Amino acid sequence: MMSDDNPRPAKRQRRSESPLSSSSDIVQPNFTPLPPAVLLVSLPSLLVHPPNHPAYVNSLCLSLTSLRRCLALGSLPPEIECRAWTGLAELGMKVISGGFSQSADYPWARGIESEVEKALSKGSIIAQKHPSLRAYKHQLALLQAQLSQWQHKTKFTRVQIRNLIASLLPTDPPYIIYSAHLASITLLTTPTSVSSTEPVHRRQDINAALSAVQDLEALATQNAHAHVKLLALVLRVRILVASGMWADVLAALLCAENVLGLSYEPASTPKVRKPLAPADHTSQTVPPGVPPQETEFIYFEDAFEAAMVVHLLIMAVVFHTHLGNAADASPRLSHLHALLDSGALDKFPSGYVEIALPSGPPLTIQATHPRILFMLAFLVSSTAKRDAVGRKPKRKVFAFEGLAMWETEVTREIMFSPWAGQGDVEEVEQRLARIKADLLCELIAVSIMRSEFDSAEENMNLLIAHTRAYALFPLFAARIALHHAHLAHALGQAPRALQCYRAAAHLAEPGSFVNIAARAGEVVLKIGLKEGELHNDKDDCRSEELDEDEDEDQKDGLLIVKACRGMGGTLEALGQVIEACLTPEILKAKQHLKLALSIATKAQDNHLRALVLALISSHYFHTASDHALEMLQTCEQLAAGLGAPPTKTVSNSQGDTTQMSVVVGNAPLGLWVGERFMELFKRAGKEARVRKQATVNAELVKAVDALAQRSLAAQHMVASS
């Protein structure tokens, strides 16, 4: 038999039993069908979406339908029925707060208000009958207070919250107790009415809110809950700053900073401290004998602590800037920048933070959304840097970069928590729109200070368009009028400036910063106009009329001086300047001007400092020439810096630097100072200095004439329109 050189492979034998062919060895999962009631009441938690999700509205509609069908089954266990009524009330409040029930585009949401009231009533009855459902009772009471607040039943809402707090027992979970206290604070700090300019808070409500915060702090201290105590301290600072109770802010601010372990040296960096455990921040100290190290900042790993320190530093910078303490605001602003650069806002991306409690669920806090805090940092930085002198003043840089970042951030999707509502989305959008308007206001103000009038007018048009597009014009109308007044004042358009000052004072809330600033601007402008008329008009009859008007202006000026007291560094200094101009005694005038100079220097406000130096030098011009010359030289530098180009001008090949040496800046002030220099040099017999100063003055005269031509062109344009 011949052998096969290439034998065929043997066929693979089929196994008698295959796992695929036999199903006897497969373990079948034993799923028990959920009862319909449990499935329907659990469905909303599976359908939940953030409010900016495309399916958010559908999820609300389907969740409501699910709960309605669950309640329609009948014979439900008390726990399931109470949970369904509570869920229906929660979803209904989301629908109401989002404005769906008031819109014809959402017919499924019509009549949801009565359905929520029924759910609150039914759920409360079931929770009262069954002690095991006590947690639902407190949640329903908070929802009832929200509904009453939406219905503008303020007094009834406060009674409900007080009754809820009084009904709490020591055995209740801590998060329920703290939630009730926080709801009371939120209710008391919510404006009772909103005017066209700004929210209105009643002082008695503010005092009641501070008392409620004190109760919360005492309760947290008693329970040894350090983070809740920290929250109470930050809330106190927030309420004091928002209500303008500046005299009490410093003590509350220092207390909160001590709890966080923060310590700052004026115009320096914070002291080095090592953060300890979250519950032991009150005992943080620098070990004795340790020498100071390089600049270091405290960083916080806990999301709640990071949120609190960012909020606190922003309010601290605002407070010290308002008082004119630039040296105290600077280190806190540097610390804020360091925290933001380290990614502190990434620790709470949706704006919600949790406080872990020893027993029960954590306490969830809704903080300011990180997108708002990020943009707010640019605004606060621009506001804190008061100095407008220089080639690239930080006030202008922060405002410009903030606007550029706003345009970038507005296109990015904002992260929201699944339990946020449509009202939260609208609030974030409105706050971001207001921050852009505030940044434009800062850019307009610094442009006017630096005599960059084309930029000021361009940004003014952008501000008006932006506020109208976002329905914010009534809120910013007074500030826009004040900017127009400052621009007209700087251009020498006295009639328009007076009209805009009066419009701004009329539109602003009486006693507010804008109102007093507008009235003060009108008084200052009148003082300047009156002085010019007295020098130019020699008619005796006209002089008598001016004397009568002067008495009225004197009364108005003294009222403004009184109103400026306690309104912060800028208005404090301005009040001193006005009082110096109105007083007939030279010594008193010098005292007021020196005090104004001290305030402006402390605030690093070189724009105001230049004006005060010019006024002081006029008092020493004839009696102490050397002293007057020193102040005039400083004033000249500041006036030139108020409009210095971004880069230095390079001299030509012939070395001619005559043209480049004249930096116009604030031309009217620079010309006034130059004329004083001419008189002093002539008096001292310095002919070379006189000729050089004459050349500089000639350039400044051209700049002043250009301003006058610009004003005439603007007046003709207004008249023709």
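Overview of the structure. (Residues numbered from 1 in each chain as written. Predicted model: local features only at pLDDT ≥ 70, side-chain atom pairs only at ≥ 80, totals over all residues. Heavy atoms only, no water.)

1. Re the environment of Gly92
Part 1 of the argument: Mapped onto the fold, Gly92 is located in helix H3 (residues 78-97).
Part 2 of the argument: Overall, Gly92 belongs to the buried group, its relative accessible area being 0%.
Part 3 of the argument: Along the primary structure Gly92 and Leu64 are separated by 28 residues, whereas in three dimensions their C-alpha atoms are 8.0 Å apart.
Part 4 of the argument: Sequence-distant contacts of Gly92, that is, excluding residues within four places in its chain, are made with Leu64, Ile112 and Val116. (Helix = DSSP H or I, 4+ residues; strand = E, 2+ residues; numbered from the N terminus. Buried < 20%, exposed > 50% of the residue type's maximum accessible area, 1.4 Å probe, protein only. Contact = heavy atoms within 4.5 Å.)

2. Quick word on the packing of aromatic side chains
Part 1 of the argument: A full pass over the atoms with the stated rule returns eight aromatic pairs.
Part 2 of the argument: Ring centres 6.2 Å apart and planes at 80° place the aromatic pair Tyr106 and Trp108 in the edge-to-face group.
Part 3 of the argument: Judged by relative accessible area, which is 25%, Tyr106 ranks as partly exposed.
Part 4 of the argument: Seen in terms of ring centroids, Phe677 and Phe681 are 5.7 Å apart; in terms of plane orientation they differ by 5°. Their pairing is stacked. One end of the pair, Phe677, and the other, Phe681, are both in helix H25 (residues 667-684), four residues apart, so they sit about a helical turn from each other.
Part 5 of the argument: Linked through ring pairs, Tyr56, Phe100, Tyr106 and Trp108 together constitute an aromatic cluster.
Part 6 of the argument: In this arrangement the basic side chain of Arg468 is found over the ring face of Phe473, its NZ or CZ atom lying 5.2 Å from the centre.
Part 7 of the argument: Geometry around Phe621 places Arg683 over its ring, the cationic atom sitting 5.0 Å from the centre. (Phe/Tyr/Trp six-rings, centres within 6.5 Å; stacked < 30°, edge-to-face > 60°. Lys NZ or Arg CZ within 6 Å of the ring centre and 35° of its normal.)

3. As for the pattern of salt bridges
Part 1 of the argument: Following the criterion strictly, the structure yields 21 salt bridges and no others.
Part 2 of the argument: Ionic pairing is found between Glu301 and Lys347, a salt bridge with its closest N-O pair at 3.6 Å. With a gap of 46 residues between them, Glu301 in the loop between helix H10 (249-260) and helix H11 (303-323) and Lys347 in the loop between helix H12 (326-341) and strand E3 (352-355) connect regions that are remote in the sequence.
Part 3 of the argument: Here Arg450 and Glu452 are joined by a salt bridge, their closest N and O atoms 3.1 Å apart.
Part 4 of the argument: Each of Arg371, Glu409 and Arg412 takes part in salt bridges that share partners, so that together they form one network. (Salt bridge = Lys/Arg side-chain N within 4 Å of Asp/Glu carboxyl O.)

4. Considerations on the environment of Leu40
Part 1 of the argument: Along the chain, Leu40 turns up in helix H1 (residues 36-47).
Part 2 of the argument: For the pair Leu40 and Cys70, spaced 30 residues apart in sequence, the C-alpha separation works out to 5.6 Å.
Part 3 of the argument: Not counting chain neighbours up to four residues away, the residues in contact with Leu40 comprise Ser66, Leu67, Arg69, Cys70 and Leu73.

5. Section: unusual backbone geometry
Part 1 of the argument: Located in the positive-phi region is Ser75, a residue other than glycine, with phi close to 55°.
Part 2 of the argument: As for its position among the elements, Ser75 is in the loop between helix H2 (56-72) and H3.
Part 3 of the argument: A positive phi angle is found at Ser451, which is not glycine, with a value near 60°.
Part 4 of the argument: Topologically, Ser451 is positioned in the loop between helix H15 (422-449) and helix H16 (453-469).
Part 5 of the argument: Ser451 gets classed as partly exposed once you look at its relative accessible area, which sits at 23%.

6. What about the side chain of Asp424?
Part 1 of the argument: Take Asp424: it is sitting in helix H15.
Part 2 of the argument: Here Asp424 occupies a buried position and makes no salt bridge, while the nearest side chain of opposite charge, Lys94, is found at 7.8 Å.
Part 3 of the argument: Aside from chain neighbours lying at most four places away, what touches Asp424 is Tyr352, Gln366 and Phe416. (Lys, Arg positive; Asp, Glu negative; His and termini not counted.)

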